[in-house]
Every structure is written in structure tokens, then in C-alpha cells.
Amino acid sequence: MNHQRIANWAPIGAAVLVGWIGIEAQKPPRALGLDAPATAFSAGRAQKHLARIAQAPHPMGSAEAEKVRAYLVTQLKELGLEPSIQTPYSSENPARNVLARIRGTGPPGRKALLLSAHYDSVAAGPGAGDNASGVAVILEAVRALLAGPPPVRDVIVLFDDGEEIDFGGSIAFTREHAWNNDVGVVLNFDARGNSGPSVMFETSDDNGWLITQYAQAVSHPLATSLSMDVYKAMPNDTDLTVYKQANLAGLNFAFGAGVAAYHSPHDIPAAMDPDTLQHQGQNALQCLRWFTALDLEKPHAPGVTYFSLFSRFVVAYPMTFVLPLALATAALYGLVAAWLVVRGSTLREILAGAGLLFLAQLAALAILTSAYMIMQGINITRSSFNQEPFHFSHHDLLILSVASTLAGLATISIYRRLGGMSDWTALCAGAWLWWVVLGCILAAIAPGSSYFFVWPSVFGLCGLAASRKLGETSLRARGAAFLGSLPALILVLPLLRTMFDSLGLGMAAPIVGLAVLFTAAILPLVSKGRVSQIAGLPASTLTAAP
Ligand SMILES: [Zn+2]
């Protein structure tokens, strides 16, 4: 292999590797069986609870719900606790909460940790994921906690009723139960599917302290402030909404893959992924141990934007940094563009680069529309893009993967063909304009999501400038382009994968649109070289970039 071929392919190979590692890292940990140590969380043990709870649909007020309640009372007694049933004051509210309290070894009168999961299901299905999983996870995590040294702070266990109908259970707890005043922090467990990793997808406001603690508590953190903005735009709510309205500080955990089963007859115990249960349970137990050792009197601190990397680290910084950072990125963009113009690029080429990305988005829409017409023709799915109600099918993953890949290839092809003899670096700089503008708009309207566009832009622009200085197609230049593309690879690819699973075809247009944006971010990896290098040579003698 000659040097140029290595220079062409090595950074692409490295990019594929980093992307693959990022996607693999967010898979849930392997489930532990019945033989796991007593102090560990075991998905195998939790699954036994889950199978009992999700035998049949058990909506609020049903005879099945009564059976589930009796099972929960028995299980809490077996753990050595004294369960009680909360009946709301109003006879109009049929919710029946199941509660228990673990006394901590610390001084009395200090704030307690609330573990909360709703035990009712929808009438349409048995609710294995939503939310027998949350209840089973708490039962097994409390068992594992009590098998070790006792907690310092009190733990309140709340299995609430009626979440699927009107949040009657959690509302009754916050308004009427005496223990509500003792709560310092709440951890809520819920689900929107039956597989995938456990995501800490929502916090209460002023979350600086909570995020710092969460980052230290769990071994497999998976969280981003972006999910809060996405979640706000969706019609769903959970009990944490009720707790937040009651001014409680808290974290919300859920998994969202396998969403085809959500609120359907297919949400059965056999379909529940044990690895997912393990991840949700590990998060529960690790947070349970961590937070009960802390002082929970002051759980509020100024808000932060945050994101996990490789399910190992959590990056967090104050929300007040978001707007200045976005504006600084815009300034950096101006500098790089000016520097390129000084070095011989034209403003026209940069704007052409931005325009080509618009064309690429149109091409992606055309690909999606044809895919949809083909699917209708062969009757794979009756769903339509971006229309309520969402219809998830098991074909979603395949269709979205193929459509996103085709859209990415179309993007590269549009830049390489329509870009003609233009300066490649200038075209790439034009593509970055979209990223920078999106980062600035989001900093103003959805600040928790701005980082997602800002960090890839900062690194990408620096990588682009370095690559230009080093000659674009040399190994060192491509190495610089690769380093510049790292945040895009690490942040965007795992999120795209998550979107395939948890949003499905109903959100195909934004998903494929993001795939196009991502491709634009890695264009420097497939540079054709500069006009000045190739002037006077026929196009076919260009270095054979892939
Ligand atoms: Zn639920």
C-alpha cells in the first residue's frame, strides 16, 4: 500500500473504530443471574418479581392491580419492612400507593431518599417494561442494600398507582402523605420500551449538585441535558413531573429502546431484556448507596449542562457558560473563514459549501420519500413519516440504518461532484456554518442541547484549519482532520443509534437530517485536495480518495 492510500484510508478506519466504540460503550452491562453475590443487583432475581407483577394488565382500580399490591406488600415484609397502603382523602381518587420506610443510622429528622416507581400498567398490556421493571428494580436494589451495611439516611420506598391515568398516586403522596416533607431527593424509575440502556434522562431544576453526585455514584453513566429538551417536546410525562411541581429534587431513569412494545399487549416479561434490567437496577443500587451516605438537606445548586462520554465519564459545566461558549464558537468560525480567505479561498466557495448541505438535506428527504413509497408498495408498514400517532415496527432499525447510510453517501457524493474544482476546505467550512448557527440558536432556546453542536464545531474548525495548513491530503493533514472530527464521532453516532431505537420511523426526517449533518462534519476526512495542488491536471489523476 502506498503512502497516499494509507493517508486516505487510515483516518477513515480510525473514525469507524471510534464510532463503533462509542456505540458499543452505551450498551447495558451483562445481566447477573440468581447466583450473584447478595450485595449485588441481580437482573435474574429482579426478573422473578417482574414476571409476577406483569402477569396481566393491572391498571388502577382493577382486580389485577389488587393482586399486584398484595404481592408488593408480601415482598416488602419479606425484606423485614413494615409496608403500608396510602388511601387518598378524596374518594374520587382510586389510587392506592404501597409504601415502606427503611430507618437510617443517622440522626433522626434529616432528609430521606425517596425511591419511586409506579406499579400500575395501561389496560392495553401487562406492562413488563412500563413499569413492572421499575418496581422489580427497586425491590431487588433494596434487598441488595439491606444485605450490606445499613444506610445513614432514611429510604422511603413508594410504589405509586395511577401514573398511566392521572398521576393520582404520586399527587396523593406529595399532597397528603406526611413522609413527603421528609424527602430530600427522589429517584424515579420508569420506561418507554423493553430494551436498551438505562438513561438518566431528566432532572429537577437547579441540578448542579445532583449531576455532580450522579456522576460519582454510577459506574455506567448515560445522561445528557439534550434529552431534557427532547423530552419536553414530547407528549409524555412521568411521576417526576408531579414531584418537581411539589419542589422535590430528583433524577429520572428510563430505557427507551424496543419502543414497539410500549403500552401494548407485547410488553410482556419474556420480551424484557435482562441486560436492560441489570443496568436500570445497577443505577438504582449505586445511587441508593451513594445518596443515602450524603447529607440531602440542600440538593439544589445552579443548573448545569451535561453529557456522558463512552458511558464512563460525565462532562458538566454551568448553564451560564452555554451562551458565551456558543458566541465564542461563532467568533472562531469568523476567524477561520477569514484565514481561509487570506490563504486563497473565496467567500463564494464557503457559501457554496453551506448551500451544498441544503441540497444534501433535500436529497435525504428524497431518499426517505422513495423508501416510504417502496414500503407502502410492498406493505411493510402503514406508518407515515412525522405523523401522529407513531407506529413502530421491527423494521424501523433496518430502514433507518439504510436510509441514514444512503443519505450520508449522497452527501459525500454531492460535495465531491457538485463541489467541482472548488477548494475542499472552503466547502467544508461552509458545512460547519450550519453547526455553528444551530449551536447558537439552541444556546438561546434550548441551552441543554447547544453543547451537541458547539463542541463538534470547535474541534472541527480547528481540525479543518490544521488540515489545510498541513496540505489536506497528507497523512498528517488527515490526522488533524480526524482529531477534529472526534467530538462529532463520539457525540453524534451513539445518539443517532439511540434515536433509531427510541424514536423510530415516526421521526425519520430529523434522524436522517442529523445523519447528513454528521456526514458534513467528517467531510475533511475525504478531502479531494486543493485546487492549487491539482491545477492543470485532469481530474482522474487526483489522489484516489475513497
Ligand atoms: Zn410508565
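Looking now at the sheet that holds strand 1 (residues 84-86). Taking strand neighbours across the sheet as the criterion, the seven strands line up as 1-2-4-3-5-7-6 in an open arrangement whose pairing is mixed. The sheet is open, and its two edges are formed by strand 1 and strand 6 (199-203), each paired on a single side. In this sheet, neighbouring strand axes are inclined to one another by 25° on average, regardless of whether the strands run parallel or antiparallel. In terms of strand pairing, strand 1 meets strand 2 (residues 97-102) through three bridges, oriented antiparallel. From the neighbouring strand, Ile85 faces strand 2, where its bridge partner is Val98. Along the sheet, helix 3 (residues 63-78) contacts strand 1, strand 2 and strand 4 (155-160); its crossing angle with strand 2, the most-contacted strand, is approximately 10°.

All right, on to the coordination of the zinc ion then. Coordination of the zinc ion by the protein comes from His118 (NE2), Asp130 (OD) and Asp190 (OD), over a distance range of 2.0 to 2.2 Å. Going along the chain, you hit the donors of the zinc ion in the pattern H-x11-D-x59-D. Remark: Asp130 occurs in helix 4 (residues 128-146) and His118 occurs in strand 3 (residues 112-118); sequence separation between them is 12 residues. Taken as a pair, His118 and Asp130 share a single burial class, namely buried.

With that out of the way, let us pick up the confidence of the model for the protein. In this model, the protein carries an average pLDDT of 91, and 93% of its residues clear a pLDDT of 70 or more. Across residues 381-391, confidence stays below pLDDT 50; counting only partners more than four residues off in sequence or on other chains, it has 22 contacts. Note that pLDDT drops below 50 for residues 531-546; the model gives that stretch 22 contacts with residues more than four away or on any other chain.

It is worth spelling out the side chain of Ser133 at this point. Mapped onto the elements of the fold, Ser133 is located in helix 4. Among all residues touching Ser133, those that are not within four sequence positions of it are Leu50, Ala128, Ala191, Phe255, Met272 and Leu277.

Each domain of the protein was delimited in the assignment, giving domain 1 (3-25 + 320-541) and domain 2 (43-309). The C-alpha-based centres of domain 1 and domain 2 are spaced at 38 Å. Listed by partner, the interface residues are 16 residues for domain 1 and 15 residues for domain 2. Carbon and sulfur atoms make up 71% of the area that domain 1 and domain 2 hide from each other, which totals about 1,300 Å². For the pair domain 1 and domain 2, the number of links is zero salt bridges.

As a further point, take unusual backbone geometry. Of the consecutive residues Asp130 and Asn131, the connecting peptide bond is found in the cis state with omega at 5°. Position of Asn131 among the secondary structure elements: in helix 4. Unlike most non-glycine residues, Asn247 shows phi in positive territory, near 65°. If you trace the backbone, Asn247 turns up in the loop between helix 8 (239-245) and strand 7 (249-254). Backbone geometry places His263, a non-glycine residue, at a positive phi of 55°. Residue position: His263 is located in the loop between strand 7 and helix 9 (274-292).

It is worth spelling out helix 15 (residues 475-502) at this point. Its 28 residues place the ends of helix 15 38 Å apart at the C-alpha level, agreeing with the 40 Å of an ideal helix rising 1.5 Å per residue. Of the residues flanking the end of helix 15, it is Gly504, one or two places downstream, whose phi is positive at about 75°.

Here we come to the side chain of Glu202. Secondary-structure assignment places Glu202 in strand 6. The buried category is assigned to Glu202, whose relative accessible area is 3%. Side chain to side chain, Glu202 and Lys244 meet in a polar contact 2.8 Å long. Side chain to side chain, Glu202 and Asn252 meet in a polar contact 2.8 Å long. Among residues more than four places away in sequence, those in contact with Glu202 are Met228, Tyr231, Thr238, Leu240, Lys244, Gly250, Leu251 and Asn252.

Quick notes on the rules
- Residues numbered from 1 in each chain as written.
- Predicted model: local features only at pLDDT ≥ 70, side-chain atom pairs only at ≥ 80, totals over all residues.
- Heavy atoms only, no water.
- Pairing = 2+ DSSP bridges.
- Helix = DSSP H or I, 4+ residues; strand = E, 2+ residues; numbered from the N terminus.
- Axes fitted to C-alpha atoms, helices over the stretch in contact; angles between N-to-C directions.
- Contact = heavy atoms within 4.5 Å.
- Donors = N, O, S within 2.8 Å, 3.2 Å for Na, K, Ca; no water.
- Buried < 20%, exposed > 50% of the residue type's maximum accessible area, 1.4 Å probe, protein only.
- pLDDT = per-residue confidence, 0-100.
- Domains from an automatic or database assignment.
- Buried area = accessible area lost by both parts, 1.4 Å probe.
- Salt bridge = Lys/Arg side-chain N within 4 Å of Asp/Glu carboxyl O.
- Expected span 1.5 Å × (residues − 1).
- Polar contact = N/O pair within 3.5 Å; in protein donor to acceptor, adjacent residues only side chain to side chain.

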